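Listed here are the chains, written in short residue letters.
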Number of protein chains: 2
Amino acid sequence: MKARVHITLKPGVHDPQSKAIASALKGLGFGGFDDVRQGKYIEIDLADSDRASAERIVKEMCAKFLANPVIENYRVDIDAT
Amino acid sequence: MKARVHITLKPGVHDPQSKAIASALKGLGFGGFDDVRQGKYIEIDLADSDRASAERIVKEMCAKFLANPVIENYRVDIDAT
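Note that this is a predicted model, so its numbers are computed, not measured.

Conventions used here
Counting restarts for each chain: residues are numbered from 1 in the order of the written sequence. Numbering of ligands from 1 and lettering of chains from A proceed in the order in which they are written. Only residues with pLDDT of 70 or above have their local features reported here, since the model is predicted, and side-chain atom pairs are shown and tallied only from 80 upward, although totals for entire chains, interfaces and linings are computed over all residues. Note that water and hydrogens are dropped before the side-chain values are worked out from all heavy atoms of the structure. Three exposure classes are used, based on accessible area relative to the maximum for each residue type with a 1.4 Å probe and protein chains only: buried under 20%, partly exposed in between, and exposed over 50%. Per the convention used, a helix needs a DSSP run of H or I reaching at least four residues, while a strand needs a run of E reaching at least two, with both numbered from the N terminus. Here a strand pair is declared whenever DSSP counts at least two bridges between the two strands. The angle between two axes is taken between their N-to-C directions and runs from 0 to 180 degrees, where each axis is a line fitted to C-alpha atoms and a helix contributes only its stretch in contact. Angle categories are assigned with fixed cut-offs, so that under 35 degrees is roughly parallel, over 145 is roughly antiparallel, 65 to 115 is roughly perpendicular, and the rest are oblique. The contact rule is simple, with two residues in contact once any of their heavy atoms fall within 4.5 Å. Note that Gly is not counted as nonpolar here; it falls among the polar residues with everything else outside the nonpolar set of Ala, Val, Leu, Ile, Met, Phe, Trp, Tyr, Cys and Pro and the charged set of Asp, Glu, Lys and Arg. Buried area, as used here, totals the accessible surface that two parts lose on assembly, with accessibility defined by a 1.4 Å probe and the loss added over both. A carboxyl oxygen of Asp or Glu within 4 Å of a side-chain nitrogen of Lys or Arg is what we treat as a salt bridge. We call two N or O atoms a polar contact when they sit within 3.5 Å, provided that within protein one can donate a hydrogen and the other can accept it, with sequence-adjacent residues counted only if both atoms are side-chain atoms. Under the convention used throughout, the expected extent of a helix is 1.5 Å for every residue step, that is, one less than its residue count. Here the copies are superposed with least squares, the fitted atoms being C-alpha atoms of residues at a pLDDT of at least 70 in both.

Enquirer: Tell me what's going on with the pairing of strand β1 (residues 2-9) of chain A, and back it up with residues and numbers.
Expert: Residues and elements named next belong to chain A. Where burial is concerned, most of β1 is hidden: seven out of the eight residues are buried. Bridging between β1 and strand β2 (residues 33-46) involves seven bridges; their strand directions are antiparallel. When the sheet's bridge partners are listed, V5 is paired in β2 with I42. As paired elements, β1 and strand β3 (residues 72-79) share eight bridges and run antiparallel to each other. Paired with L9 across the two strands is E72, which belongs to β3.

Here you go:
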């Protein structure tokens, strides 16, 4: 069972890395986009075969360590494969 | 239209950050997982309303700038919303 975790900065939090990516893309001649947001992506291979318990554990990992809940949002998707 | 880009290190590429995350999780008492892989996640809000052309542009952004194709894989998902 695989957990996919997306961690992004909360809206309103200053995000210079995203601004740098947007500005570099424009500098390279790419237009046609309004906004860029960057974040972290973490894949965890879980031994647990129970979906609900896996989700609970990964959310606890996020709240305690993987994300900073003050400035970051996280999303946990559990994949059966 | 929103593009979601996942950039991960290719299998076999030395990935100390993932090892550090796994080791810290174990240190915090989290068990029950086999492997952790970390990567980057980028969301791009596109003005383009044509799915195929949006995908082509974002893939070009990845190949030219967002990812390092020598050591990284990237996946582009286009969302209609």
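Enquirer: An account of the packing of helix α1 (residues 16-27) of chain A against helix α2 (residues 51-66) of chain B is requested, with residue identities and associated values reported.
Expert: In contact at an axis separation of 11 Å, α1(A) and α2(B) are set at 100° when each is read in the N-to-C sense. Between α1(A) and α2(B), the interaxial angle falls into the category roughly perpendicular. Taken together, the residues of α2(B) that come into contact with α1(A) (itself represented by I21(A), A24(A) and L25(A)) are M61(B), F65(B) and L66(B). Each residue belonging to the contact of α1(A) with α2(B) can be placed in one class, and the counts come to six nonpolar, no polar and no charged.

Enquirer: Any chance you could break down the interface of chain A and chain B for me, citing the residues and the numbers?
Expert: Contact residues are listed per partner, giving 32 residues for chain A and 32 residues for chain B. A combined buried area of about 2600 Å² lies between chain A and chain B, and 68% of that area is made up of carbon and sulfur atoms. Per-residue buried area on chain A facing chain B is highest for F30(A), Y41(A) and F65(A); these three make up 23% of the total on that side. Linking chain A with chain B are zero salt bridges, by the criterion used here. For the interface between chain A and chain B, the tally reads eleven residue pairs in polar contact (both at pLDDT 80 or more). Contributions of two or more residues to the side of chain A that touches chain B are made by β1, α1, β2 and α2 (51-66) of chain A. Here the element with the most residues in the side of chain A that touches chain B is β2(A); it accounts for 14 residues. Considered class by class, the residues forming the side of chain A that touches chain B number 16 nonpolar, five polar and eleven charged. Sheet topology places β2(A) next to strand β2 (residues 33-46) of chain B; 13 bridges connect them, and they run antiparallel.

Enquirer: A description of the pattern of salt bridges should follow, citing residues and the corresponding values.
Expert: Summed over all chains, the structure comprises 14 salt bridges over all chains. Taken together, the salt bridges that share partners define one network made up of K2(A), R4(A), E43(A) and D79(A).

Enquirer: Mind laying out α2(B), listing which residues take part and the relevant values?
Expert: End to end, α2(B) covers just 20 Å across 16 residues, shorter than the expected 22 Å (1.5 Å per residue, more than 12% under). Against the buried residues of α2(B) lie α1 and β2 of chain A together with β1 (2-9), β2 and β3 (72-79) of chain B.

Enquirer: Quick one: what's the story with the relation of the copies chain A and chain B, residue by residue and with numbers?
Expert: Least-squares fitting of chain A to chain B yields an RMSD of 0.0 Å, with the transformation described by 0.0 Å of translation along the axis and a rotation of 180°. Such a combination of turn and shift is consistent with a two-fold rotation axis. With an isologous cut-off of 70% or more, the 100% of interface residues of chain A that recur at the interface of chain B puts this contact in the isologous class.

The values reported here are purely geometric and, on their own, carry no functional implication.
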